[in-house]
Amino acid sequence: MREFGIRPSKRLGQHFLIDEAPLKAMLDAADLNETDGVMEIGPGLGVLTLELSRRARKVVAVEKDPALIPVLEKLTKSYKNICLLNEDVLKLDIEKLAREHFGGKFKVVANLPYYITSPIIMKIINNRHLIEMAVIMIQKEVAERLTAKPGSRDYGILSIAVQLYAEVDFVCHVASSAFLPPPKVDSAVVRLRLKDFPSVPLEDERLFFRVVEAAFGERRKTVKNSLKSRLSLSPDKVEEALKRAGIDSTRRAETLKIEEFALLAREIAKILTCN
Ligand code: SAM
């Protein structure tokens, strides 16, 4: 940083990893071999990039900050399998990237910029037909939401959206002292192994997520009351759908398993088509 006169940008979530243990844990979790293509989001000063390059066939490192590009170019000069892209990952065309750089599926390994953790995770999930696995460093709180089971305080829409399409493994906790400058929150590494098909069969994915969002809309209310106010269905129709799905109407959304949401969405679909 001193050599290039770099001052970490808060706005871009720049916290550079200075501890080897989490780096090693990420590399082990990614289980890389010489046939793998890897996309790294936010290479920063390249600590992870160089290690990925030693293990994988090809690394595409996507960095938004133009000030870091000359640093990365210098550091990676003798690594012929690294391609640097000065782009915003949220605007990146993943289909094109897969086609042009990897010729098929690839892995994501990244210490994420925390201000855009959720949109990046959703982009990974939405491109699951191209992404085999993602090993990501994120805020500890988000890691807890991704791995949360029904009945837990952390269980919500993000848990369901991710667990529907990925096996989620908690890899390790990372203290804020592992970064320079240290972030305000603790971190964790999680691994998502993406699936082509949802863990629970869905007839209508859009309706499923409308039901999940409506149910979690008012966390303190029972699922019956949340659905009533947010899906514009009459109380007796909601009651009927819950009954047919075998769900007690006094339960709260955070106690419902993904399978139960799927059953409920199916019953609501039937009621909506009858109306
Ligand atoms: N990989 C480095 C490390 O582990 O030390 C840096 C990680 S730092 C937490 C996040 C990185 O993401 C920064 O380099 C930042 O500039 C970059 N970044 C921020 N927003 C981005 C975006 N929209 N697209 C791509 N990279 C971004």
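Rules behind the numbers
Residues numbered from 1 in each chain as written. Predicted model: local features only at pLDDT ≥ 70, side-chain atom pairs only at ≥ 80, totals over all residues. Heavy atoms only, no water. Helix = DSSP H or I, 4+ residues; strand = E, 2+ residues; numbered from the N terminus. Buried < 20%, exposed > 50% of the residue type's maximum accessible area, 1.4 Å probe, protein only. Contact = heavy atoms within 4.5 Å. Areas by Shrake-Rupley, 256 points an atom, 1.4 Å probe, with all protein chains shown as cover. Lys, Arg positive; Asp, Glu negative; His and termini not counted. Charge placed at Lys NZ, Arg CZ, Asp CG, Glu CD. Salt bridge = Lys/Arg side-chain N within 4 Å of Asp/Glu carboxyl O. Phe/Tyr/Trp six-rings, centres within 6.5 Å; stacked < 30°, edge-to-face > 60°. Lys NZ or Arg CZ within 6 Å of the ring centre and 35° of its normal. Domains from an automatic or database assignment. Buried area = accessible area lost by both parts, 1.4 Å probe. Polar contact = N/O pair within 3.5 Å; in protein donor to acceptor, adjacent residues only side chain to side chain. Nonpolar A, V, L, I, M, F, W, Y, C, P; charged D, E, K, R; others polar. Near = heavy atom within 4 Å. Axes fitted to C-alpha atoms, helices over the stretch in contact; angles between N-to-C directions. Parallel < 35°, antiparallel > 145°, perpendicular 65-115°, else oblique. Left-handed = near helix turned anticlockwise from the far one by under 90°.

**Focus: the overall build of the chain**
Argument step 1. On a plain count of helices and strands, the chain comes out with 11 helices and 9 strands.
Argument step 2. C-alpha extents for the chain along the principal axes are approximately 70 × 40 × 30 Å.
Argument step 3. Counting across all 275 residues of the chain, residues that qualify as buried make up 52%.
Argument step 4. Summarising the internal contacts of the chain: among those between residues at least 6 apart in sequence, 67% fall at separations of at least 24.
Argument step 5. Counting every atom, the chain has about 13,600 Å² of accessible surface; 50% of that belongs to carbon and sulfur.
Argument step 6. Here the chain contributes 44 positively and 38 negatively charged side chains, and the mean placements of these two sets differ by 3 Å.

**A few points about the pattern of salt bridges**
Two side chains that carry opposite charge are able to pair once their charged atoms sit near each other.
Argument step 1. In total, this model carries 18 salt bridges according to the counting rule given.
Argument step 2. Between lysine 224 and glutamate 239 there is a salt bridge whose closest N-O contact spans 3.0 Å. Of the two residues, lysine 224 sits in helix α9 (residues 223-230) while glutamate 239 sits in helix α10 (residues 235-244), which places them 15 residues apart along the sequence.
Argument step 3. The class of lysine 224 is partly exposed, set by a relative accessible area of 21%.
Argument step 4. Across the salt bridge formed by arginine 251 and glutamate 260, the nearest N and O atoms sit 2.9 Å from each other.
Argument step 5. Residue classification places arginine 251 among the partly exposed residues on the basis of a relative accessible area of 23%.

**Observations concerning the packing of aromatic side chains**
Argument step 1. In the structure shown here, the tally under the stated rule is 4 aromatic pairs.
Argument step 2. The interplanar angle of 70° and the centroid separation of 6.1 Å between the aromatic rings of tyrosine 155 and phenylalanine 216 together place this pair among those described as edge-to-face. In this pair, tyrosine 155 sits in the loop between α6 (140-147) and α7 (157-165) while phenylalanine 216 sits in helix α8 (residues 205-217), placing the two residues 61 residues apart along the sequence. Across the pair, phenylalanine 216 and tyrosine 155 agree in class, each one buried.
Argument step 3. Aromatic side chains phenylalanine 216 and phenylalanine 261 sit 5.8 Å apart centroid to centroid with 35° between the ring planes, which places their arrangement in the tilted category. Of this pair, phenylalanine 216 sits in helix α8 while phenylalanine 261 sits in helix α11 (residues 258-274); the two residues are 45 residues apart in sequence, bridging distant segments of the chain. For the pair phenylalanine 216 and phenylalanine 261, one class covers both residues: buried.
Argument step 4. Three or more aromatic residues link up through ring pairs in this structure, and these residues are Tyr155, Phe216 and Phe261.
Argument step 5. Here arginine 128 stacks its cationic end above the ring of tyrosine 165, 3.5 Å away from the centre of that ring.

**Quick word on the domain arrangement of the chain**
Argument step 1. Under the domain assignment, the chain is made up of domain 1 (16-194) and domain 2 (205-274).
Argument step 2. Relative placement of domain 1 and domain 2: their C-alpha centres are 34 Å apart.
Argument step 3. Domain 1 puts 13 residues into the contact, and the matching count from domain 2 is 14 residues.
Argument step 4. When the buried area of domain 1 at its contact with domain 2 is split by residue, Tyr155, Ile157 and Ile160 rank highest and sum to 50% of it.
Argument step 5. The interface formed by domain 1 and domain 2 includes 0 salt bridges.
Argument step 6. Here domain 1 and domain 2 share 3 residue pairs in polar contact (both at pLDDT 80 or more) between them.
Argument step 7. Tallied by class, residues from the side of domain 1 that touches domain 2 come to 7 nonpolar, 4 polar and 2 charged.

**Quick look at the site of the ligand**
Argument step 1. What surrounds the ligand is a group of 24 residues, the closest being Leu17, Gly42, Glu63, Asn111 and Tyr115.
Argument step 2. The separation between an oxygen atom of the ligand and a polar side-chain atom of glutamine 14 is 2.9 Å.
Argument step 3. Backbone polar atom of glycine 44 to an oxygen atom of the ligand: 3.4 Å apart, as the coordinates give it.
Argument step 4. Burial of the ligand by the surrounding chains reaches 99%, relative to a free accessible area of 590 Å².

**Section: the environment of tyrosine 79**
Argument step 1. The topology assignment puts tyrosine 79 in the loop between α3 (69-76) and β4 (82-85).
Argument step 2. A C-alpha to C-alpha distance of 8.4 Å links tyrosine 79 and arginine 54, two positions 25 residues apart in sequence.
Argument step 3. Apart from the residues within four sequence positions on either side, tyrosine 79 is in contact with Leu50, Ser53 and Arg54.

**Side note on the packing of α10 against α11**
When two helices pack together, you describe them by how their axes are tilted relative to each other and by the distance separating the axes.
Argument step 1. In contact at an axis separation of 8 Å, α10 and α11 are set at 135° when each is read in the N-to-C sense. Here α10 lies oblique to α11, going by the angle between them. Crossing angle aside, the handedness with which α10 passes α11 is right-handed. Contact residues: Lys237, Glu240, Ala241, Leu242 and Arg244 in α10; Leu264, Glu267, Ile268, Lys270 and Ile271 in α11.

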